[in-house]
Structures are given as structure tokens and as C-alpha cells.
Amino acid sequence: MLKREKPKERFSYNPKKVLEKLEEFGKEVLEELKVGRNPFIDVPTRGLSNVYFDEKDRLIKMGNKTSRRYLFHVAHARRFMQTLLIAAYIKRLVAEGKHASLREAYYANKHTIPGTKENTFEDQSESDPIIEDLERMFGVLREEMHITADRRGYVYGDIVIKDGEDEFNASRLGMGGWAVPGTVEHIEFPEINVDYVLVVETAAMADRLIEEKYPKKEKALIVATQGQASRGVRRLIHRLHYEEGLPIIVFTDGDPYGWYIYSTIKQGSINLAYLSEKLATPEAKFVGMTMDDIKKYGLENVTEKLKGIPPNKKGGPTGDYKRIIEEMNYPWFQNKEWQRQLKLALDWGVRIEQQALANKSLEFVARKYLPEKIANEELLP
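This write-up is about the structure you can find in this document. (Residues numbered from 1 in each chain as written. Predicted model: local features only at pLDDT ≥ 70, side-chain atom pairs only at ≥ 80, totals over all residues. Heavy atoms only, no water.)

Ordered by their spatial adjacency, three strands build an open sheet running β9-β8-β11, and the pairing between neighbours is antiparallel. Edge strands, defined here as strands with exactly one partner in the open sheet, are β9 (166-169) and β11 (188-192). Along the sheet, successive strands turn relative to each other by an average axial angle of 20°, direction set aside. The pairing of strand β8 (residues 159-163) with β9 spans four bridges and is classified as antiparallel. Across the sheet, residue Asp 163 finds its bridge partner in β9, namely Asp 166. (Pairing = 2+ DSSP bridges. Helix = DSSP H or I, 4+ residues; strand = E, 2+ residues; numbered from the N terminus. Axes fitted to C-alpha atoms, helices over the stretch in contact; angles between N-to-C directions.)

Printed below as a string of C-alpha cells:
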């Protein structure tokens, strides 16, 4: 039976630490200039060549390759200047307790350099990577630097959330629950009356479970990702597990996209490998949909064909087939259970959506499928 466990991490949001890192960075640049040296910064290298899978921690992590950026260097000067501008802007935000979106950060720092026709930034595609550089350099989330993204995903269940001066129970906000903000670092959980977190890929399925009163009957907290989980949702899931001791169960479609959503929540992603230790939850488990569910629950007539060309046909593999083969080669899917599920999907050429369970009845997913699989611990690693 799933039960809340002893927390492994403590609430750690501390804007003073971010300010200290930024001030130290600025002072180092100034000191170098004062003694006539050329200031430089070492930025961890992005890209696949600097990413690896840590078997012990079961996380996708960033390697230790760095690139050096000098102030007085024709090829580096512009990005060095942009890095200082964004760092100074973030320092103001954190010091004043204000937040800005990526777009606002771009416009706030875009101007023409006096005496020239040169703009500091020409496009947001220049400012976004600078913010990522600062994340990697300082080892802090951009959310901790008060740079936010659009909100996506929502939470429903018997849990009290403290958001600034507001405190409320997420099961008493209507069926829409609490919309997860872009930044969840400051969120606290004064009271928790659930045994585990059920992460659900689609809003339609989350709504179904809420209407069937699944969260109350099963003492579960529903987290709807609405597709690929946003950074805010992934960070929230991580915190609920490590700071509050809640087991994490993931429920997605039975297709390569759904399985990748699970993979990202569990092991992290290649693009954000430098943040895996703050965003990923390796202890998460997968309840469905699986290929085994198709036969066990008699869903053969409500499957969908995989898109693309199979590997044994001319021009293949493409589409879903190619994606499944890629997932089979991921180190974190190298276990017997997942290899069997992925091979079954390739052999049968089908996928199964969460909503296909409605073929049995609207109540089936909440009254039988999930309670039965979770109680019997029919979960994939």
C-alpha cells in the first residue's frame, strides 16, 4: 500500500543565496578589471556531448566540459556583455522580490548602446540562452532567479497550499483545482492529507478522475501535466516527493510520447540535464497505459495504429516506430519490463490512449483500473 514516507530534502528556497552568487560573480569581474586582467567566465558546455546517464543516481546529468568566454575577445565580447546585463537584471529582480517572464527579460535588457548603432539584444533567441548559461554557472533554477515561464498543469486533492500570503486547500477550489504557476520555489505545504501523487498526462483524464471523486476515495493528489510536464510541474513533483515524502505514480497514454513524458519526469531530459537533480524524480513509477493492459482489460478493439513506417518496411522506421526504437536504446529503459512493453508495441503496431478505458465505462478507470493496479503494485520501474 502506498504511504507517505520520511522526507529526504528540506524546503530550501533562499533568495539570499542567489544574490550572493550574483554579487560574487560581479565582484570577480570587477577585480580582474582593476588589476588590468581580461575577465573571463567558464560556462558549462551544452549539448549531447556533455550529457551522460548516472547509473547510481539514475539521472541524466551534465558533464564537466566548459567553454571559456572573455570580455576582451572579438568573438566573445557581445555574449560577455549580454551575460553581465542579464545577471544585473536578475539581481534587481531577486532583491526587489519581483518576477519577470523570459519575454520581459528580453525587452527589459534590449537597448541601443550609446554612441553606436549596436543593440544589446536583437532577439529573444539571444537572451534565453544567456539565462540558461547563468543557471548552469550558478547551479540554480531560473525560477530561483525570478525568471518565470507560462503556467501549465493543475493540482487537485486534499492538500493545503501556502502561496505567498494566501493559504487554501486544493480540493476546495472547484473541479479545476489549483493552476501550477511557472515558479513553485516559494510554495509551501502546511497540511497534507493524501497518501500519494498521481501524475496524469491529459486534462480530460484528470477531470474524469476528479468527477469520479478518485482523489477523495483513494487519498491521492492529482497532478495534471496537460502534455509534456512543464518545468514548474516537474519541480513541484520533485518537491512533493523529496520534501514531503509522497510516492509518485505516473499515468500516461500507452505510446512513445506518453512514455517519454514519464521518462522526463523520472530521469530528466537531455536539454535540461544540468537541472536533473532539481527537476527529476527517479523513484517515480509507471502505472499505465501498458501493452499488457490491452489484453488484460479487453481493449483490443479500441487501440490506435502506430504512426509511421515499421522497421521491416521500405523507408522505415519512421514516426512512432522510430521513436520507440530510440526509447528502447535509452539507458534508463534498459530493464526487462520496459524492453518487453516497447517490443510488444513494435510487434503489434498499436498504441492505447488513457481515454480508451471509457470503452468499459466512464467509471472504470477510477473504480477498477487504477485502484486495482496500484493496490496490486502492478507498476513499471
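Put simply, helix α1 (residues 15-34) and helix α2 (residues 77-96) touch, their axes get as near as 10 Å, and they point 145° apart. Crossing angle aside, the handedness with which α1 passes α2 is left-handed. Judged by residue contacts, Pro 15, Val 18, Leu 19, Leu 22, Glu 23, Phe 25 and Val 29 of α1 engage Phe 80, Thr 83, Leu 84, Ala 87, Ile 90, Lys 91, Val 94 and Ala 95 from α2. Classifying every residue of the contact of α1 with α2 by side-chain character gives twelve nonpolar, one polar and two charged. (Left-handed = near helix turned anticlockwise from the far one by under 90°. Contact = heavy atoms within 4.5 Å. Nonpolar A, V, L, I, M, F, W, Y, C, P; charged D, E, K, R; others polar.)

Here the focus is the pattern of salt bridges. Counted according to the given criterion, the structure contains 33 salt bridges. Asp 133 is paired through a salt bridge with Arg 136; the nearest N and O atoms lie 2.7 Å apart. Of this pair, Asp 133 and Arg 136 both sit in helix α4 (residues 124-138), three residues apart, which is roughly one turn of that helix. Of the two residues examined, Asp 133 and Arg 136, each falls in the buried class. Salt-bridge contacts for Glu 185 lead to Arg 235; the nearest nitrogen and oxygen are separated by 2.7 Å. Taken together, the residues Glu 185 in the loop between β10 (178-179) and β11 and Arg 235 in helix α7 (residues 231-242) connect sequence positions 50 residues apart. Judged by its relative accessible area of 6%, Arg 235 is buried. Residues joined by salt bridges that share partners form a network here, namely Arg 46, Arg 69, Arg 79, Glu 132, Asp 133 and Arg 136. (Salt bridge = Lys/Arg side-chain N within 4 Å of Asp/Glu carboxyl O. Buried < 20%, exposed > 50% of the residue type's maximum accessible area, 1.4 Å probe, protein only.)

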